[in-house]
Amino acid sequence: MRKDKRVKYRTPKGVQDILPPEVSVWQKIENVARRVFSVYGYQEIRPPIIEFTELFVRGIGEETDIVEKEMYTFQDRAGRSITLRPEGTASVVRAYIQHHLYNLPSPQRFYYMGPMFRYERPQKGRYRQFHQIGVECFGEDTPRVDAELMHMLFRYLEAIGLRDLSFEINSIGCRQCRPRYREKLLQFLSSKREQLCTDCLRRYSRNPLRVLDCKVPECIEATKGAPAVTEYLCANCQEHFGSLKRYLEQLGLTFRVNPRMVRGLDYYTRTTFEVLSSELGAQNAVAAGGRYDDLVEEFGGPPTPAIGFAVGVERLATLIMERADTEGPRLFGYFATLGERATEEAMGLASRLRDRGLWVEMNYRPEASLKSQLRKANRMKAMYVFILGEEEIQKGVIRYKRMDDGFQSEVKLSDFVAFITGSMVQES
Ligand code: HAM
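Residues numbered from 1 in each chain as written. Predicted model: local features only at pLDDT ≥ 70, side-chain atom pairs only at ≥ 80, totals over all residues. Heavy atoms only, no water.

K.L.:
Even after reading the chapter, I still don't get the overall build of the protein, so can you show me in this structure?
P.N.:
The helix and strand tally for the protein stands at 15 helices and 16 strands. In terms of overall dimensions, the protein is more spread out than a globule: its C-alpha atoms have a radius of gyration of 28 Å, far above the 22 Å expected for 428 residues. With the C-alpha coordinates aligned to their principal axes, the bounding extent of the protein is approximately 90 × 50 × 45 Å. Burial analysis of the protein (428 residues in total) assigns 50% to the buried set. About 22000 Å² of surface is accessible on the protein, with carbon and sulfur atoms providing 49% of the total. Within the protein, the 57 negative side-chain charges are centred at a point lying 4 Å from the centre of the 64 positive side-chain charges. (Helix = DSSP H or I, 4+ residues; strand = E, 2+ residues; numbered from the N terminus. Rg over C-alpha atoms; globule rule 2.2 N^0.38 Å. Buried < 20%, exposed > 50% of the residue type's maximum accessible area, 1.4 Å probe, protein only. Areas by Shrake-Rupley, 256 points an atom, 1.4 Å probe, with all protein chains shown as cover. Lys, Arg positive; Asp, Glu negative; His and termini not counted. Charge placed at Lys NZ, Arg CZ, Asp CG, Glu CD.)

K.L.:
Can you help me understand the domain arrangement of the protein in this one?
P.N.:
How big an interface is tends to be stated in terms of accessible area lost as the parts join. You can read the domains of the protein as domain 1 (22-177 + 233-323) and domain 2 (333-421). Using C-alpha coordinates to define each centre, domain 1 is positioned 50 Å away from domain 2. (Domains from an automatic or database assignment.)

K.L.:
How should the pairing of strand β3 (residues 72-75) be read in this particular structure?
P.N.:
For a regular strand, side-chain orientation follows a simple rule: the groups alternate between the two sheet faces. In terms of strand pairing, β3 meets strand β4 (residues 81-84) through four bridges, oriented antiparallel. Paired with Thr73 across the bridge in β4 is Thr83. Hairpin connection between β3 and β4: a loop of five residues separates the two successive antiparallel strands, and Gly79 in this loop has a positive phi of roughly 80°. (Pairing = 2+ DSSP bridges.)

K.L.:
For this particular structure, what's the right way to read helix α5 (residues 143-159)?
P.N.:
Helical geometry note: an α-helix holds 3.6 residues per turn, so side chains three or four residues apart project in the same direction. An ideal rise of 1.5 Å per residue puts 24 Å on 17 residues; α5 measures up with 24 Å between its terminal C-alpha atoms. The set of residues buried in α5 consists of Pro143, Val145, Asp146, Ala147, Leu149, Met150, His151, Met152, Leu153, Tyr156 and Leu157. Capping the start of α5 is the job of one residue whose side-chain oxygen sits 2.9 Å from the backbone nitrogen of Arg144: Thr142. Two residues or fewer after α5 comes Gly161, characterised by a positive phi angle close to 100°. (Expected span 1.5 Å × (residues − 1). Polar contact = N/O pair within 3.5 Å; in protein donor to acceptor, adjacent residues only side chain to side chain.)

K.L.:
How should I be thinking about the sheet that holds strand β2 (residues 50-52) in this particular structure?
P.N.:
Sheet strands pair by backbone hydrogen bonding; their relative direction is either parallel or antiparallel. With antiparallel pairing, the three strands of this open sheet are ordered in space as β2-β4-β3. At either end of the open sheet lies a strand with only one pairing partner, and these are β2 and β3. Neighbouring strand axes in the sheet, compared pairwise and without regard to direction, differ in orientation by 35° on average. Against the sheet, helix α2 (residues 53-60) contacts β2, β3 and β4, and its axis sits at roughly 75° relative to β2. (Axes fitted to C-alpha atoms, helices over the stretch in contact; angles between N-to-C directions. Contact = heavy atoms within 4.5 Å.)

K.L.:
Would you explain the pairing of β4 in this entry?
P.N.:
Looking at chain direction, β2 and β4 are connected through three bridges and run antiparallel. Pairing of Phe52 across the sheet is with Ile82, part of β4.

K.L.:
When you look at the pattern of salt bridges in this model, what are you seeing that I'm missing?
P.N.:
Two side chains of opposite charge can pair, provided their charged atoms sit close to one another. Under the definition given, this model contains 30 salt bridges. Put simply, Arg206 and Glu63 hold a salt bridge, and the shortest N to O gap is 3.5 Å. You can see Arg206 sitting in helix α7 (residues 198-206) and its partner Glu63 sitting in the loop between α2 and α3 (65-70), a full 143 residues away along the chain. A residue is classified by how much of its surface remains accessible, and Arg206, at 39% relative accessible area, is partly exposed. With a relative accessible area of 30%, Glu63 lands in the partly exposed category. (Salt bridge = Lys/Arg side-chain N within 4 Å of Asp/Glu carboxyl O.)

Spelled out as structure tokens, the structure:
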């Protein structure tokens, strides 16, 4: 594509503007989230976009891709290391501890929405500034909460019009049982080292579970037949996972156990899950999350089990736009005016209609021709045009035209607002 030379400034790579009418899809995604999450007891929390770098290094894990190569980190003027948040969980945990929210009755549940930043290689569905809507629930370790949270996510996705998504779940164990699995996996991988990519060779000794998540075909091949984490769970984790599956079935949520699903963040314990869409190509996860029962304590808070997830707003918006009509709100009326007096009158009428919640626009140039104004109203897809000139003012009337079928009539100026907000609004 040839670049327009007149455009002097562009967004950085992997960063985008969200323009109308697509923004109305985003508003829907956000509004439905507020509505659905609030009836499950989630309240909004707005953590800052910058945090001390250490928070993410400790929270997400030093040996993760995010921390190793994807963070936007800089020094502020006082020489402190600051990072643009690559995700929301670490910040919410920090806020939970900093403000002693653990003193409130549990569970404490929060949701947040906003931009996240990761220096990834941009491609369809993967951006450097992207948006998440996330939830975090603190203080309960029962798998009932896991099931309820996943069911809420399902309900939410359904409410914004998405179906045919698959839920994959896994349990990656806890501090007690994971080391044993790690050992088994290392044993298995030791004979496959030649087949692994350079990234996986590095991961092999430091974070071997990540090898299972590698997308390089040779690594996928090499790890076929790797021991499944679910077979090495301790009795407590096994029971937790078993109950979770039962509760999900009781709630009617269809899922698949994927023992190879290891998430890209190190804080997870036990339950992990992802929601996938077959319509998105390589970046097919629309939502992901899991338990992180140790993180609050690791950050210096009291031992507090927790679980959460985040949805990727860009990916949801893509799916919704592929399905539905994405038209934004429609312009109700356009005041076409001729002459100074009519334009002045229209300003008052427009304001009264706006007070009643109607989107109306008006002509600001009294000298503009009626033809050009009608053309503009047409381009703006107005439902009605209200025509007011010197002649109408003299007669004390205003003409109106219904743009869909061309029907025209007039109404007394003194009755106009009542007429519009009565019969016409109901009709449209
Ligand atoms: P995550 O899997 O890193 O988890 O991200 C969650 C979702 O954010 C992904 O499934 C995807 O839809 C979206 N996403 C991630 N990276 C990008 C990107 N570069 N471009 C577009 N979308 C992206 C977390 O962030 C965890 N904090 C989730 C969580 C909350 N776990 C517990 N609580």
